[in-house]
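Coordinate analysis (summary)
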Amino acid sequence: MKTIIKLIIVALSLVVSKGNAQDFQGVATYKSHRKVDLKMDDENTNAEMQKQIQEQLRKQFQQEYTLTFNKNESIYKRNEKLETPSLVNSGIQIKISQGSDVMYKNVKENRYTNKTEIYGKLFLIKDTLTNRKWELVNDTKNIGDYTCFKAVFKDSYTTKTLTNEGETKEVTKDRTTTVWYTPQIPVNNGPDDFYGLPGLILEVNDGDLTLVCTKIVINPKTPVKIEEPTKGKEVTQAKFDEIMDKKSKEMMEQFRSRRGSDDGERVIIRVGG
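Residues numbered from 1 in each chain as written. Predicted model: local features only at pLDDT ≥ 70, side-chain atom pairs only at ≥ 80, totals over all residues. Heavy atoms only, no water.

Looking at an unreviewed UniProt entry, one finds the protein chain named GLPGLI family protein, with Hwangdonia lutea as its source organism.

Structural data, given as structure tokens:
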């Protein structure tokens with residue numbers, strides 16, 4: 001079955017790439033949705049309040065991104081939009097801080113540069129791309145005008161949660177990432193840090209996060225510009241994770257010290273980096 005898939009992929013790639021492979025470029029728009037499973041054990045938090053918070057989080061996680069790409073490079077960034085913090089009946093203000101990430105990928109050189117701002121400080125995260133071992137699946141579907149093929153990657157990740165006692169606890173979870181890619185757009189690329197397949201990735205789903213391509217412009221009249229970010233303190237991904245871990249612990253300490261306050265609270269959740 002894998003042989004059949006490969007033959008179809010090769011045939012499609014040859015048809016599309018003939019004559020314009022060298023200058024192939026484009027702009028793809030993606031929309032994101034994130035599953036929110038919020039559990040609050042605080043006795044002062046009723047079911048209705050929890051439902052309101054979940055709904056506000058779900059809305060704020062709905063974002064739009066642009067991937068600008070050519071055969072070897074890409075820039076992936078969130079499209080800015082005017083947002084105001086949401087207020088639930090409890091007086092808790094919900095604000096998702098998405099950061100200002102700009103992800104540059106060079107698949108030919110197997111590296112990336114991620115420009116991100118954390119707590120008012122600009123960082124340039126420079127490291128090698130994650131080489132996912134994709135499993136090709138004998139399944140297809142159409143996304144817009146494109147025939148897409150399915151691929152799966154399985155791994156595990158560690159996340160941190162806050163216990164009832166106010167302590168942080170590490171939890172390891174298994175994850176299955178499913179993507180759909182199209183050989184009709186013959187670039188080894190995709191949204192965020194996803195890449196490694198014989199065609200542009202148009203959809204990603206890892207159980208919590210879903211990214212879906214809603215618009216593609218191939219070889220636009222105005223040539224695309226892909227410039228690697230240069231401003232910010234250069235760090236590796238491991239060093240940046242260490243900085244984020246330290247900041248998270250500081251915020252947890254501040255949260256514990258404020259518990260029991262009668263004032264309305266402003267909850268800030270950061271995604272990205």
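Following the structure, the description resumes.
**Some remarks on the overall build of the protein chain**
Secondary structure assignment for the protein chain yields three helices and 15 strands. Of all 273 residues assigned to the protein chain, the portion counted as buried reaches 35%. Here the contacts in the protein chain between residues at least 6 apart in sequence split such that 66% fall between residues at least 24 apart. Of the roughly 16300 Å² of accessible surface on the protein chain, 47% is carried by carbon and sulfur atoms. (Helix = DSSP H or I, 4+ residues; strand = E, 2+ residues; numbered from the N terminus. Buried < 20%, exposed > 50% of the residue type's maximum accessible area, 1.4 Å probe, protein only. Contact = heavy atoms within 4.5 Å. Areas by Shrake-Rupley, 256 points an atom, 1.4 Å probe, with all protein chains shown as cover.)

**Side note on the nonpolar core**
If you look at the biggest cluster of nonpolar residues, it comprises 39 residues, and the most contacted ones within it are Tyr 30, Phe 69, Leu 197 and Leu 200. Every residue in contact with Leu 200, bar those within four places of it in the chain, is listed here: Ala 28, Tyr 30, Leu 67, Phe 69, Trp 180, Tyr 181, Thr 182, Ile 185, Val 187, Asn 189 and Gly 190. Counting residues in each nonpolar core, the second largest holds five residues, with Val 102, Tyr 104, Val 224 and Ile 226 among its members. (Core = buried A, V, L, I, M, F, W, Y, C linked by side-chain atoms within 4.5 Å.)

**A word on the environment of His 33**
Within the secondary structure, His 33 sits in strand E1 (residues 25-34). His 33 gets classed as partly exposed once you look at its relative accessible area, which sits at 41%. For the pair His 33 and Asp 208, spaced 175 residues apart in the sequence, the C-alpha separation amounts to 8.2 Å. Other than its neighbours up to four places away in sequence, His 33 contacts Gln 62, Asp 208, Leu 209 and Thr 210.

**Side note on the side chain of Lys 105**
Tracing the backbone through its elements, the reader meets Lys 105 in strand E6 (residues 102-106). Buried charge without a partner: Lys 105 forms no salt bridge, and the closest opposite charge is Asp 192, 7.0 Å away. Of note is the side chain of Lys 105, whose polar atom sits 2.8 Å from the backbone oxygen of Asp 192. (Lys, Arg positive; Asp, Glu negative; His and termini not counted. Salt bridge = Lys/Arg side-chain N within 4 Å of Asp/Glu carboxyl O. Polar contact = N/O pair within 3.5 Å; in protein donor to acceptor, adjacent residues only side chain to side chain.)

**Things to note about the pairing of strand E7 (residues 111-118)**
As paired elements, E6 and E7 share five bridges and run antiparallel to each other. Each residue of the ladder has a partner; that of Tyr 104, found in E7, is Thr 113. Once E6 ends, the chain turns through four residues before running back antiparallel as E7, passing Asn 110 with a positive phi of about 55°. Joining the antiparallel neighbours E7 and strand E8 (residues 121-128) is a turn of two residues, in which Tyr 119 adopts a positive phi near 50°. (Pairing = 2+ DSSP bridges.)

**Considerations on the confidence of the model for the protein chain**
Mean pLDDT over the protein chain stands at 79; residues scoring 70 or higher make up 64%. Confidence, read as mean pLDDT per element, is least for helix H1 (residues 2-17) in the protein chain (46) and greatest for strand E12 (residues 200-205) (97). Across residues 7-21, where pLDDT falls below 50, the model places 15 contacts with residues more than four positions away in sequence or in other chains. Taken as a whole, residues 267-273 scores under 50 in pLDDT and shows 29 contacts with residues more than four places along the chain or in a different chain. (pLDDT = per-residue confidence, 0-100.)

**Side note on the layout of surface pockets**
In this structure, the second largest pocket spans a volume of roughly 170 Å³. In terms of lining residues, the second largest pocket is bounded by Thr 68, Ile 75, Lys 77, Val 102, Lys 115, Lys 225, Ile 226, Glu 227, Glu 228 and Pro 229. (1 Å grid on protein atoms, 1.4 Å probe; cavity = no way out; pocket = protein on both sides within 12 Å on 5 of 7 lines; lining within 4 Å. Points joined across faces, edges and corners; volume = space filled by probe spheres on them.)

**Structural notes on unusual backbone geometry**
The phi dihedral of Asn 110 falls on the positive side, at around 55°, and the residue is not glycine. Structurally, the position occupied by Asn 110 is in the loop between E6 and E7. The backbone of Asn 219 shows a phi angle near 45°, a positive value even though the residue is not glycine. Position of Asn 219 relative to the elements: it lies in the loop between strand E13 (209-218) and strand E14 (233-235).

**Some remarks on the pattern of salt bridges**
Inspection of the entire model under this criterion finds seven salt bridges. Measuring nitrogen to oxygen at the nearest pair gives 3.2 Å for the salt bridge that ties Arg 132 to Asp 193. With Arg 132 in the loop between E8 and strand E9 (135-143) and Asp 193 in the loop between strand E11 (168-182) and E12, the pair connects residues that are 61 residues apart, well separated along the chain. The exposure class assigned to Arg 132 is buried, which follows from its relative accessible area of 14%. Members of the salt-bridge network, linked through shared partners, are Glu 109, Arg 111 and Glu 228.

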